[in-house]
Amino acid sequence: IDKLYQSFVSENVIKYADSKLEGKHPDLKATVDEFRDGILIFSITDKFVWNKSLVDSLGIESFHNKRKQNYLWKNRVDATIFTFYKDVDMKAANKIIHKGIKKEKTNEAISLELAKKLKIKENTTQYFDFKWGKFEKGDNKIVDKTNWELGISPVIEDGKKKSIVIVHKLINPEVKTLDEAKGIVTSDYQEYLEQEWIKNLRSKYSYKVYDDVFNSIK
């Protein structure tokens, strides 16, 4: 009984002390209030802004359609980069690539021809590979060295690697699709939703800022 009584006393003393902590320690009260208010603001903002921007597919599509000119690709090139990692006959490789492009072969077909002519029977990616894509200035340092001219570049050396770039097409600035600009569009849509939410709150509710109180918590 004595042990149970002591446990009961300790538990209630701790509860009582805990209930008086915020009154006894103003800094702790301010921290607890800030934490509680932060959770409340996070929950409300998540409901009206963050989560909505992720699930409102029609809203974000409409937002993108009305602001397409804000999301543009710069000048780009449609290009393939053949990169050689080991010491191979670059003169022969260059000839094979030129011949393949002239015959309008695919990158895959040119790769097979390279492996065959260079007598690479296995693990071809240890010797060479290719990368196809659309590049803006600054996206790829090897592509940038071509001066963005149509056709096949000379051999471009980068350390131990050697590359040949085929510029298939020059692409003028164009609008990014929603998928291509999803990240930045979502971020802008969240900002838009937050501004509209705040505007709506201010139209419904009056508020007053007490400068002395505001300055005390800055």
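See the structure printed just above.
Each chain carries its own residue numbering, running from 1 in the direction its sequence is written. In view of the model being predicted, local features appear only for residues whose pLDDT reaches at least 70, and side-chain atom pairs are presented and counted only at 80 or more, with totals across whole chains, interfaces and linings using the full set of residues. Side-chain figures throughout are based on the complete set of non-hydrogen atoms in the structure, without hydrogens or water.

Undergrad: Mind showing me how you'd approach the side chain of Asn107 here?
TA: Secondary structure is summarised from DSSP: a helix means a run of H or I of at least four residues, a strand means a run of E of at least two, and numbering begins at the N terminus for each. Along the chain, Asn107 falls in helix 5 (residues 107–117). Using a 1.4 Å probe on the protein chains alone, a residue whose accessible area is under 20% of its type maximum counts as buried, one over 50% counts as exposed, and one in between counts as partly exposed. By relative accessible area, Asn107 is classed as buried at 12%.

Undergrad: Hey, could you run me through a positive patch on the surface in this one?
TA: A surface patch of positive charge is lined by Lys91, Lys95, Lys99, Lys103, Lys105 and Lys116. Per-element accounting of the positive patch gives the leading share, three residues, to helix 4 (residues 90–102). Here Lys91 lies in helix 4. Residues qualify for a patch when their relative accessible area is over 30% and they have no salt bridge, like charges being joined within 9 Å and the nonpolar side chains of Val, Leu, Ile, Met, Phe, Trp and Tyr within 5 Å. Accessible surface is estimated by sampling points in the Shrake-Rupley manner with a 1.4 Å probe; for residues, cover comes only from the protein chains shown. The working definition used for a salt bridge is a side-chain nitrogen of Lys or Arg within 4 Å of a carboxyl oxygen of Asp or Glu. Lys and Arg are tallied as positive, Asp and Glu as negative. Neither His nor the chain termini are counted. A charge is said to be at NZ when it belongs to Lys, at CZ for Arg, at CG for Asp and at CD for Glu.

Undergrad: It is not clear to me how the pattern of salt bridges should be interpreted in this structure. Could you clarify?
TA: Think of it this way: side chains of opposite charge can pair up when their charged atoms draw near. One pass over the structure, following the stated rule, counts seven salt bridges. One salt bridge connects Asp37 with Arg36, and the closest N-O pair in it is separated by 3.9 Å. With its nearest N and O atoms 3.4 Å apart, the salt bridge here joins Lys141 to Asp158. One end of the pair, Lys141, is in helix 6 (residues 141–144); the other, Asp158, is in strand 4 (residues 156–158), with 17 residues separating them in the sequence. In this structure Asp158 comes out as partly exposed when scored by relative accessible area, which is 21%.

Undergrad: Would you explain the nonpolar core in this entry?
TA: General note: in soluble globular proteins, nonpolar side chains tend to be found buried as a group. Of all hydrophobic cores here, the largest spans 15 residues; its most connected members are Phe82, Phe84, Ile97, Leu114, Leu118 and Phe128. Of all elements in the fold, only strand 1 (76–84), helix 4, helix 5 and strand 5 (161–171) reach the threshold of two or more residues within this core. Not counting the four nearest positions on each side in its chain, Phe128 is found in contact with Thr83, Phe84, Tyr85, Ser111, Leu114, Ala115 and Ile120. In plain words, nonpolar cores are sets of buried Ala, Val, Leu, Ile, Met, Phe, Trp, Tyr and Cys residues tied together by side-chain atoms within 4.5 Å. It only takes one pair of heavy atoms within 4.5 Å for two residues to be counted as in contact.

Undergrad: Just to check I follow, could you spell out the side chain of Asn94 for this structure?
TA: You can see Asn94 is positioned in helix 4. Any N or O atom pair separated by 3.5 Å or less is treated as a polar contact, with the protein-specific requirement of one donor-capable and one acceptor-capable atom, and with residues adjacent in sequence counted only for side-chain atom pairs. Among the polar contacts made by the side chain of Asn94, one reaches the side chain of His98 at a distance of 2.9 Å. Here Asn94 is in contact with Ile152, Val155 and Ile164, once residues within four sequence places are set aside.

Undergrad: I would appreciate a short explanation of helix 5 in the present structure.
TA: Each full turn of the α-helix corresponds to 3.6 residues, which orients residues three or four apart in the same direction. Among all positions in helix 5, only Asn107, Ile110, Ser111, Leu114 and Ala115 are buried. Summarising the axial view, the buried residues of helix 5 lie within an arc of 140 degrees, below the 170-degree limit, and thus occupy one face. What points out from helix 5, more than 90 degrees from its buried face, is the exposed set Leu112 and Lys116. In the core, the buried residues of helix 5 are packed alongside strand 1, helix 4 and strand 2 (128–136). Lys119 sits one or two residues past helix 5 and shows a positive phi near 60 degrees. Each direction from the helix axis to a C-beta atom contributes to the arc, which is the arc of those directions.

Undergrad: What's the story with helix 7 (residues 182–204) in this structure? I'm lost.
TA: Taking 1.5 Å per residue, 23 residues should reach 33 Å; helix 7 reaches 32 Å between its end C-alpha atoms and fits that length. Burial in helix 7 covers these residues: Val185, Thr186, Tyr189, Leu193 and Trp197. By definition here, a helix of n residues has an expected span of 1.5 Å times n minus one.

Undergrad: Any chance you could explain the pairing of strand 5 here in plain terms?
TA: The side chains of a regular strand alternate, first on one face of the sheet and then on the other. Two strands qualify as a pair provided that DSSP identifies no fewer than 2 bridges between them. The sheet contact formed by strand 1 and strand 5 spans nine bridges and is antiparallel. Among the inter-strand pairings, Asp78 is bridged to a residue of strand 5, identified as Lys169. Inspection of the sheet shows strand 3 (residues 151–152) paired to strand 5 by two bridges, in the antiparallel sense. The residue of strand 5 that forms the bridge with Ile152 is Ile166. Linking strand 4 back to strand 5 in an antiparallel pair, the connection comprises two residues, with Gly159 at a positive phi of about 70 degrees.

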